[in-house]
Amino acid sequence: MASDDDIIIADDAVIHPGDLHEDFIRSSGPGGQNVNKVATAVQLRFDAANATGLSERVRERTIKLAGQRATKDGVIVIEAGRFRTQEQNRADARARLTALVAKAAEPPPPPRKKTRPSKGAVERRLKSKAGRGTIKKLRGRVGDD
């Protein structure tokens, strides 16, 4: 994927390259001299609050789904440092951002349809409860007649 192409996720969700800002930082964890010298991890910043390619619904859901990765200003920060090269980490960060926005762009589920138990089901339930109560009463002490 070229870095100057729009990322089209849905009709109401498009990520423009101008909304993305990448900084390369040193990766954490083991790796010896390579980790200490080379800045291969990427810190991808996406200004979701001011992104022109997102509808209002998708914008709000994206920031909500981002959780702690979103700042107070609505900027989503994704850090990717799993791989040893900048290109792989850049692709990983963009893929994670795309997945996040795609999840936010999904249509809401249909509203729940209220249902009621049938009359027969209610009667069977009450009959079984009465039967259980009778069994428990019979467990008591036997009285002198």
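Shown above is the structure to which this text applies.
One structure accompanies this document, and this report is about it. Predicted model, so just to flag it, every value in this text is computed and none were measured.

What follows deals with the side chain of Asn89. For Asn89, the location among the structural elements is in helix α3 (residues 86-105). What makes Asn89 buried here is its relative accessible area of 0%. In terms of polar contacts, Asn89 uses its side chain to reach the backbone amide nitrogen of Arg82, at 3.3 Å. A polar contact of 2.9 Å, which involves the side chain of Asn89, links it to the backbone nitrogen of Phe83.

Okay, the nonpolar core next. In this structure, Ile15, Phe46, Leu54, Val58, Ile76, Leu97 and Val101 are the most contacted members of the largest nonpolar core, which totals 22 residues. Going through the elements one at a time, β2 (13-15), β4 (41-47), α2 (56-66), β5 (75-80) and α3 are the ones with two or more residues in this core. Here this core gets six residues from one element, more than from any other, and that element is α3. Sequence-distant contacts of Leu54, defined by excluding residues within four places in its chain, comprise Asp12, Ala13, Val14, Phe46, Ala48, Arg59 and Val101.

A few words on the pattern of salt bridges. This structure, assessed with the given rule, holds five salt bridges. Among the ionic pairs, Glu22 bridges to Arg90, the shortest N-O distance being 2.9 Å. Residue Glu22 is located in strand β3 (residues 20-25), and its partner Arg90 is located in helix α3; the two are separated by 68 residues in the primary sequence. Relative accessible area serves as the criterion here: at 28%, Arg90 is assigned to the partly exposed category. The salt bridge involving Arg82 is made with Asp92; its shortest N-O contact spans 2.6 Å. One end of the pair, Arg82, is in the loop between β5 and α3; the other, Asp92, is in helix α3, and 10 residues separate them in sequence. You can call Arg82 exposed: its relative accessible area is 62%. Residue classification places Asp92 among the buried positions, given a relative accessible area of 9%. A network of salt bridges, in which partner residues are shared, links Glu22, Arg90 and Arg94.

A separate point is α3. Helix length check: α3, at 20 residues, gives a terminal C-alpha distance of 28 Å against a target of 28 Å (1.5 Å per residue), a fit within 8%. Regarding α3, the residues found buried are Asn89, Asp92, Ala93, Arg94, Leu97, Leu100, Val101, Ala104 and Ala105. Of the surrounding elements, those touching the buried residues of α3 are β1 (7-10), β2, β3, β4, α2 and β5.

Take the environment of Ala95 next. Tracing the backbone shows Ala95 in helix α3. On a C-alpha basis, the gap between Ala95 and Arg69 in space is 15 Å, while along the polypeptide they are 26 residues apart.

When two helices pack together, their arrangement is given by the angle between their axes and by how far apart the axes lie. One way to put it is that α2 packs onto α3 with a least axis distance of 8 Å and a crossing angle of 125 degrees. One element, α2, and the other, α3, form an angle in the oblique class. Here the hand of the crossing between α2 and α3 comes out right-handed. Within the contact between the two elements, α2 uses Arg57, Val58, Arg61, Thr62, Leu65 and Ala66 and α3 uses Leu100, Val101, Lys103, Ala104 and Ala105. Looking at the contact of α2 with α3 residue by residue, the classes come out as seven nonpolar, one polar and three charged.

Reading the values: the criteria
- Sequence order sets the numbering: in each chain, residues are counted from 1 along the sequence as written.
- Reporting of local features is limited, given that this is a predicted model, to residues whose pLDDT is at least 70; pairs of side-chain atoms are given and counted only at 80 or more, and all residues count toward the totals for whole chains, interfaces and linings.
- The basis for every side-chain value is the complete set of non-hydrogen atoms in the structure, without hydrogens or water.
- For helices the rule is a DSSP run of H or I covering at least 4 residues; for strands it is a run of E covering at least 2, with both sets numbered from the N terminus onward.
- Categorising residues by exposure relies on relative accessible area from a 1.4 Å probe, with only protein chains included: less than 20% of the type maximum marks a residue as buried, more than 50% marks it as exposed, and the intermediate range marks it as partly exposed.
- Here a polar contact is recorded for every N or O atom pair within 3.5 Å, except that within protein the pair must consist of a potential hydrogen donor and a potential acceptor, and residues adjacent in sequence are included only if both atoms are side-chain atoms.
- Think of a nonpolar core as a cluster: buried Ala, Val, Leu, Ile, Met, Phe, Trp, Tyr and Cys residues, connected wherever their side-chain atoms sit within 4.5 Å.
- The contact rule is simple, with two residues in contact once any of their heavy atoms fall within 4.5 Å.
- Take a side-chain nitrogen of Lys or Arg and a carboxyl oxygen of Asp or Glu: if they are within 4 Å of each other, that pair is a salt bridge.
- A helix is expected to span 1.5 Å multiplied by its residue count minus one.
- Working convention: axes come from line fits to C-alpha atoms, limited for helices to the stretch in contact. Angles between N-to-C directions cover 0 to 180 degrees.
- Working rule for angles: under 35 degrees goes down as roughly parallel, over 145 as roughly antiparallel, 65 to 115 as roughly perpendicular, anything else as oblique.
- Helix crossings get a hand from a simple test, with the near helix turned counterclockwise from the far one by less than a right angle marking a left-handed crossing and a clockwise turn marking a right-handed one.
- Only Asp, Glu, Lys and Arg are considered charged in this grouping, and only Ala, Val, Leu, Ile, Met, Phe, Trp, Tyr, Cys and Pro are considered nonpolar; every other residue, Gly among them, is considered polar.

In short, shape yes, function no, at least from these values alone.
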